[in-house]
Amino acid sequence: MIYCRNCGCQNDENSRYCVKCGAALYDNISPKNGNDNNNKSKSLFAAHLINILAVAIPAALLIAVNLFMGSSGDSSEGNITFSIDADLSEAYINIAAIIGLAVFIIGLIIYFIKQQKAKMLLSIIYISVAVCDFVFLIATWSFYVLMTCGLGAVMYVPGILQIIAGILFLIGSKSYAAR
């Protein structure tokens, strides 16, 4: 039998970790949950990067479309004609974009806040609002996606990225310990 140096609990000699406190029983073994905390930190960082991409992609697309189309809303190049119809429920698209920006800001707060409970609560809010925003965007944008033979589906990318980031925020926040 071997005794834990951390809590004094008696453990089987074949055990690598203490059955009571989880501490490593031998010097050459890393703590039981040290790798798990590292994975949580990686999940938070990955979620943070994906959250940034979810805003950067539509911003880049908006800039590219404005440069390509100019200020008129119509552009003709060769035999291809692009036009944007004002009846696309532009107000709904703007609402979805504003909610997406709010989700982005919540993601920034999640990444930088230190309290585990607040991080977890904000992660739940983040994923809930991101899913609702994505469903709202699908409802308001579906007709356009169908009419453009699927090219408008690129507008779904930020919502999908925010949902993935929300899942990673939840994973990373689940057992986050302030350092």
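Criteria and thresholds
- Residues numbered from 1 in each chain as written.
- Predicted model: local features only at pLDDT ≥ 70, side-chain atom pairs only at ≥ 80, totals over all residues.
- Heavy atoms only, no water.
- Helix = DSSP H or I, 4+ residues; strand = E, 2+ residues; numbered from the N terminus.
- Buried < 20%, exposed > 50% of the residue type's maximum accessible area, 1.4 Å probe, protein only.
- Contact = heavy atoms within 4.5 Å.
- Patch = residues over 30% accessible without salt bridge, like charges linked within 9 Å, V, L, I, M, F, W, Y side chains within 5 Å.
- Areas by Shrake-Rupley, 256 points an atom, 1.4 Å probe, with all protein chains shown as cover.
- Salt bridge = Lys/Arg side-chain N within 4 Å of Asp/Glu carboxyl O.
- pLDDT = per-residue confidence, 0-100.
- Phe/Tyr/Trp six-rings, centres within 6.5 Å; stacked < 30°, edge-to-face > 60°.
- Expected span 1.5 Å × (residues − 1).
- Core = buried A, V, L, I, M, F, W, Y, C linked by side-chain atoms within 4.5 Å.

Participant: Is there a simple way to explain the overall build of the protein in this structure?
Facilitator: Scanning the protein from terminus to terminus reveals four helices and four strands. Helices and strands appear in the protein in the N-to-C order β-β-α-β-β-α-α-α. The 179 residues of the protein split such that 30% are buried. Contacts in the protein between residues at least 24 apart in sequence constitute 53% of all its contacts with a sequence separation of at least 6.

Participant: Help me out: how do you make sense of a nonpolar patch on the surface in this one?
Facilitator: Side chains of Phe45, Leu49 and Ile52 sit close together on the surface and give an oily, nonpolar patch of about 250 Å² of accessible area. Of note, Ile52 is situated in helix α1 (residues 34-69).

Participant: Looking at this structure, I do not really get the confidence of the model for the protein. What am I missing?
Facilitator: Detail in the predicted coordinates should be disregarded across regions flagged by low pLDDT. Within the protein, residue pLDDT values average 78, and 72% of them lie at 70 or more. Considering each helix and strand of the protein separately, the mean pLDDT is smallest for strand β3 (residues 74-77), with a value of 49, and largest for strand β2 (residues 10-11), with 89.

Participant: Explain the packing of aromatic side chains here, please?
Facilitator: For any two aromatic rings, the description comes down to two numbers: the centre-to-centre distance and the angle of the planes. Inspection of every chain in the model, using the stated rule, returns four aromatic pairs. Judged by centre distance (5.0 Å) and plane angle (85 degrees), the rings of Tyr111 and Phe112 are edge-to-face. Since its relative accessible area comes to 24%, Tyr111 is described here as partly exposed. The class for Phe112 is exposed, based on a relative accessible area of 55%. Here the aromatic residues Phe45, Tyr111 and Phe112 are joined through ring pairs into a cluster of three or more.

Participant: Looking at this structure, I do not really get the environment of Asp12. What am I missing?
Facilitator: As for its position among the elements, Asp12 is in the loop between β2 and α1. Linking Asp12 and Met1, residues 11 residues apart in sequence, is a C-alpha distance of 5.0 Å. Look past the residues within four positions of Asp12 in its chain and what remains in contact with it is Met1 and Ile2.

Participant: In this structure, what is going on with helix α4 (residues 157-174)? I would like to understand it.
Facilitator: An α-helix turns once every 3.6 residues. As a result, residues three or four positions apart point the same way. Here α4 is 18 residues long and its end C-alpha atoms lie 26 Å apart, about the 26 Å a rise of 1.5 Å per residue gives. Those residues of α4 not exposed but buried are Pro158, Gly159, Leu161, Gln162, Ile163, Ala165, Gly166, Phe169, Gly172 and Ser173.

Participant: Help me understand the side chain of Ser15, please; the structure alone is not making it clear to me.
Facilitator: Considering the arrangement of structural elements, one finds Ser15 in the loop between β2 and α1. Given the relative accessible area of 18%, Ser15 is considered buried. Ignoring any residue separated from it by four or fewer positions in sequence, one finds Ser15 in contact with Leu25 and Tyr26.

Participant: Sorry if this is basic, but what is going on with the nonpolar core here?
Facilitator: What tends to happen in soluble globular proteins is that the nonpolar side chains get buried as a cluster. Formed by 20 residues in total, the largest nonpolar core has its most connected members in Tyr126, Leu137, Ala165 and Phe169. Of all the secondary structure elements, the ones that give two or more residues to this core are α1, α2 (90-112), α3 (116-147) and α4. Ranked by residue count, the leading element in this core is α3, at six residues. Once you skip the residues sitting within four places of it in the chain, Phe169 turns out to touch Leu44, Ala47, His48, Asn51, Gly107, Ile110, Tyr111, Ser123 and Tyr126. Ile2, Cys18, Ala23 and Leu25 belong to the second-largest nonpolar core, a separate cluster that totals five residues.

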